[in-house]
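The lines below spell out each chain.
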Amino acid sequence: MSSTMLELEKRREAARAGGGQKRIDAQHAKGKLTARERLDVLLDHGSFEELDMYVEHNCVDFGMEDQIIPGDGVVTGSGTINGRLVFVFSQDFTVFGGSLSERHAQKICKIMDMALKVGAPVIGLNDSGGARIQEGVASLGGYAEVFQRNVLASGVVPQISLIMGPCAGGAVYSPAMTDFIFMVKDSSYMFVTGPDVVKTVTNEIVTQEELGGAVTHTTKSGVADVAFDNDIEALLAARDFVDFLPASNRAALPERSSDDPWDRIEHSLDTLIPPSANMPYDMHELIAKTVDEGDFFELQPAHAGNILIGFGRIEGRTVGIVANQPKVLAGCLDINSSKKAARFVRFCDAFDIPIVTFVDVPGFLPGVGQEHSGIIKHGAKLLFAYAEATVPKITVITRKAYGGAYDVMASKHLRGDLNYAWPTAEIAVMGAKGAVEIIFRGRTPEEIAERTAEYEARFANPFVAASKGFIDEVIQPHSTRRRVALGLRKLRGKSLENPWKKHDNIPL
């Protein structure tokens, strides 16, 4: 018996050693943690239970039969984050560069299948050189097996990807299909084809960081959600983030006790809106003063800044926040902001997370570039997302709500449950000056000015919309948190179903 126990411990030590001390040291020299060290930070202490520690690859080509390392380049299993079950995989760059083999993929698929069965989030820590070339098409088949499970899990359990090293070629499509992507600055990158291929094909010279680094994907492309300075920051943020999410689409929202009074009054909000309609203000202030303890986990903060998205809590329960940001492009909706918010709204709806929308939108961004790039189709994504959502939807219009953008931003017409407006709200087809210049084309400047003042008196307030029932109540800014909290209480039992369909056909 003792010899069997010794053999077990010997095999465990071999698996824990990964690619050996030399490669572990090389990983540390790059400022990166190893696969197992990352799991130690991510999961509650002592909670990790590993599966498939002894799995080995089955390749016998190109001398691979002489290179056998238990675990085959990925650590898989389950653990807890603040006591809540999650399934994880962590690719080990010290073993064959974290490359994906057939068996490596099977390990990932196994924990994804388990997560689907029991209803728990999947968190993937990606650090891989890509497909294991020695295995050829078997490796590609492994990727496709993972992709299939990403699709089946979508909308059933939350999927989070942390890119903590290279992620290139076909490997990028698994994270792309997950719900959220976190990256690490200067040590992680994602691209379909690398700088060398780009140079050969297009003659463009670009670095890995410029092509697909964390800053690139969290500012320009919007592929990733947040960029962090190092592995530790990313992993700790993931712990905080998971706390906002339900375990599955059948699980209740997580609750956290809060001492923040639900009826807290914020008199400073009464002066948030500047006296001039053309002056910006920071919508972050309204969000922070509405959610519990000002705790707002913002997603994609560096991309499409004209709209804000993220999670907060009200009375300890998670809510999704969408808000126009007047400080950027005057809060106009454009292609990037529409796509950013639409995907977020659909995630919230899939997991029964109520959506609170703060509106200050002068319309869609005009321009040849926007039109030629398909603003019609992309803007329709946000419209579609809000219209199909059956979760509780509360909307607060703070200032401008003009044109089609008024409709899009969770209006009463898109089955908004409670639609509030501040006294400073202006709900109209367009701004007064533009409207008058169309209606009274050819009039003198004096007449235009007179008619503009008349139009403003008529429409630069929320009462016309309220008189038609499009606004449920005009509320004082200082009572916004109280009103939203009460509304969410009322709507907890909301039941609404869309007509039966195999699936919808969102304008992609």
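Use the structure listed above.
Overview of the structure. Quick caveat: nothing in here was measured; it's all calculated off a predicted structure.

1. Details of the overall build of the chain
Step number 1: For the chain, the count of helices and strands is 19 helices and 17 strands.
Step number 2: Taken against the 2.2 N^0.38 rule, which gives 23 Å for 508 residues, the C-alpha radius of gyration of the chain at 26 Å falls within 12% of a compact globule.
Step number 3: Each of the three principal axes of the chain carries a C-alpha extent, and together these read 95 × 55 × 45 Å.
Step number 4: Residues counted as buried form 52% of the 508 residues belonging to the chain.
Step number 5: Counting contacts in the chain only where the partners sit at least 6 residues apart, residues at least 24 apart contribute 73% of the total.

2. Quick notes on the packing of helix H12 (residues 335–350) against helix H14 (residues 375–388)
Step number 1: At a minimum axis separation of 8 Å, H12 and H14 run at an interaxial angle of 20°. On the basis of the axis angle, H12 is roughly parallel to H14. Judged by the twist between their axes, the crossing of H12 over H14 is left-handed. Residues Ile 335, Ser 338, Lys 339, Ala 341, Ala 342, Val 345, Arg 346 and Asp 349 of H12 pack against Ile 375, His 378, Gly 379, Lys 381, Leu 382, Ala 385, Tyr 386 and Glu 388 of H14.
Step number 2: Considering only residue class, the contact of H12 with H14 consists of eight nonpolar, three polar and five charged.

3. Considerations on the pattern of salt bridges
Step number 1: For the coordinates displayed, the defined rule picks out 25 salt bridges.
Step number 2: Put simply, Asp 504 and Arg 346 hold a salt bridge, and the shortest N to O gap is 3.2 Å. Of this pair, Asp 504 sits in the segment after helix H19 (480–490) while Arg 346 sits in helix H12, and the two are 158 residues apart along the sequence.
Step number 3: One network of salt bridges, in which partners are shared, links Asp 260, Arg 264, Glu 266, Asp 292 and Arg 481.

4. Describing the environment of Ile 475
Step number 1: The residue Ile 475 is located in the loop between strand S17 (473–474) and H19 in this model.
Step number 2: Taking C-alpha positions, Ile 475 is 5.3 Å from Trp 422, a pair spaced 53 residues apart along the chain.

5. Here we look at helix H3 (residues 35–42)
Step number 1: Those residues of H3 that sit buried are Ala 35, Arg 36, Arg 38, Leu 39 and Leu 42. In an axial view of H3, the angular spread of the buried residues amounts to 155°, which keeps them on one side of the axis.

6. A few points about the nonpolar core
Step number 1: Counting 64 residues, the largest nonpolar core has Ile 123, Leu 162, Leu 299, Phe 311 and Val 322 as its most contacted members.
Step number 2: Ignoring anything within four residues of it in the chain, the contact list for Leu 299 reads Phe 180, Phe 182, Asp 225, Val 226, Phe 241, Ile 309, Gly 310, Phe 311, Lys 340 and Phe 344.
Step number 3: Core analysis: the second largest hydrophobic core is formed by 26 residues, Ile 273, Met 283, Val 319 and Ile 394 among them.

7. Comments concerning unusual backbone geometry
Step number 1: Even without being glycine, Gln 300 reaches a positive phi, approximately 50°.
Step number 2: Within the element layout of this structure, Gln 300 appears in the loop between strand S10 (297–299) and strand S11 (307–314).
Step number 3: One non-glycine residue, Arg 415, lies in positive phi territory at about 65°.
Step number 4: Note on placement: Arg 415 falls in the loop between helix H15 (403–408) and strand S15 (418–421).
Step number 5: Using a relative accessible area of 30% as the deciding quantity, one classes Arg 415 as partly exposed.

8. Observations concerning the pairing of strand S3 (residues 84–91)
Step number 1: Burial of S3 is extensive: six of the eight residues sit out of reach of the surface.
Step number 2: Bridge analysis of strand S2 (residues 74–81) against S3 gives eight bridges, and the strand direction is antiparallel. Note that in S3 the partner of Gly 79 across the bridge is Val 86.
Step number 3: What sits between S2 and S3 in their antiparallel hairpin is a turn of two residues, with Asn 82 showing a positive phi close to 50°.
Step number 4: Sheet topology places S3 next to strand S4 (residues 122–126); four bridges connect them, and they run parallel. Within S4, the position partnered with Val 88 by the bridge is Ile 123.

9. A short note on the packing of aromatic side chains
Step number 1: One pass over the structure, following the stated rule, counts 15 aromatic pairs.
Step number 2: Pairing Phe 180 with Phe 311 gives two aromatic rings, centres 6.2 Å apart and planes at 75°, and the pair type is edge-to-face. Residue Phe 180 is located in strand S7 (residues 180–184), and its partner Phe 311 is located in strand S11; the two are separated by 131 residues in the primary sequence.
Step number 3: For Phe 180, a relative accessible area of 4% gives the class buried.
Step number 4: Take Phe 311: its relative accessible area is 0%, and that puts it in the buried class.
Step number 5: Here Phe 182 and Phe 297 contribute two aromatic rings whose centre-to-centre distance is 6.1 Å and whose plane-to-plane angle is 15°, an arrangement assigned as stacked. One end of the pair, Phe 182, is in strand S7; the other, Phe 297, is in strand S10, and 115 residues separate them in sequence.

10. Thoughts on the packing of helix H4 (residues 102–118) against helix H5 (residues 137–153)
Step number 1: Where H4 meets H5, the axes come as close as 8 Å, and the angle between the chain directions of the two elements is 10°. Between H4 and H5, the crossing angle belongs to the class labelled roughly parallel. Regarding H4 and H5, the two cross each other, and that crossing is left-handed. Each of Glu 102, Ala 105, Ile 108, Cys 109, Met 112, Asp 113 and Leu 116 in H4 lies in contact with H5, whose residues at this interface are Ala 138, Gly 142, Glu 145, Val 146, Arg 149, Asn 150, Leu 152 and Ala 153.
Step number 2: For the contact of H4 with H5, the residue count by class is nine nonpolar, two polar and four charged.

11. Section: the sheet that holds S4
Step number 1: Across the sheet, which stays open at both edges, the seven strands sit in the order S1-S2-S3-S4-S5-S7-S9 with mixed pairing between neighbours. For this open sheet the edge positions go to strand S1 (49–51) and strand S9 (226–228), each flanked by a neighbour on one side alone. Averaged over all pairs of adjacent strands, the angle between their axes in this sheet comes to 20°, without regard to strand direction.

12. Concerning the side chain of Ser 337
Step number 1: With respect to the secondary-structure elements, Ser 337 resides in helix H12.
Step number 2: With relative accessibility at 0%, the residue Ser 337 sits in the buried group.
Step number 3: A polar side-chain atom of Ser 337 sits 3.4 Å from a polar atom in the side chain of Asn 306.
Step number 4: Within the structure, Ser 337 has its side chain in polar contact with the side chain of Asp 334 (distance 2.7 Å).
Step number 5: Residue contacts for Ser 337: discarding those within four places in its chain leaves Ala 304, Asn 306, Ile 307 and Cys 332.

13. A few points about a nonpolar patch on the surface
Step number 1: Judged by side-chain polarity, Met 5, Leu 8 and Tyr 54 come together as a nonpolar surface patch covering roughly 260 Å² of accessible area.
Step number 2: As for its position among the elements, Tyr 54 is in the loop between S1 and S2.

About the thresholds
- Residues numbered from 1 in each chain as written.
- Predicted model: local features only at pLDDT ≥ 70, side-chain atom pairs only at ≥ 80, totals over all residues.
- Heavy atoms only, no water.
- Helix = DSSP H or I, 4+ residues; strand = E, 2+ residues; numbered from the N terminus.
- Rg over C-alpha atoms; globule rule 2.2 N^0.38 Å.
- Buried < 20%, exposed > 50% of the residue type's maximum accessible area, 1.4 Å probe, protein only.
- Contact = heavy atoms within 4.5 Å.
- Axes fitted to C-alpha atoms, helices over the stretch in contact; angles between N-to-C directions.
- Parallel < 35°, antiparallel > 145°, perpendicular 65-115°, else oblique.
- Left-handed = near helix turned anticlockwise from the far one by under 90°.
- Nonpolar A, V, L, I, M, F, W, Y, C, P; charged D, E, K, R; others polar.
- Salt bridge = Lys/Arg side-chain N within 4 Å of Asp/Glu carboxyl O.
- Arc of directions from axis to C-beta.
- Core = buried A, V, L, I, M, F, W, Y, C linked by side-chain atoms within 4.5 Å.
- Pairing = 2+ DSSP bridges.
- Phe/Tyr/Trp six-rings, centres within 6.5 Å; stacked < 30°, edge-to-face > 60°.
- Polar contact = N/O pair within 3.5 Å; in protein donor to acceptor, adjacent residues only side chain to side chain.
- Patch = residues over 30% accessible without salt bridge, like charges linked within 9 Å, V, L, I, M, F, W, Y side chains within 5 Å.
- Areas by Shrake-Rupley, 256 points an atom, 1.4 Å probe, with all protein chains shown as cover.

These figures come from the coordinates and say nothing about function on their own.
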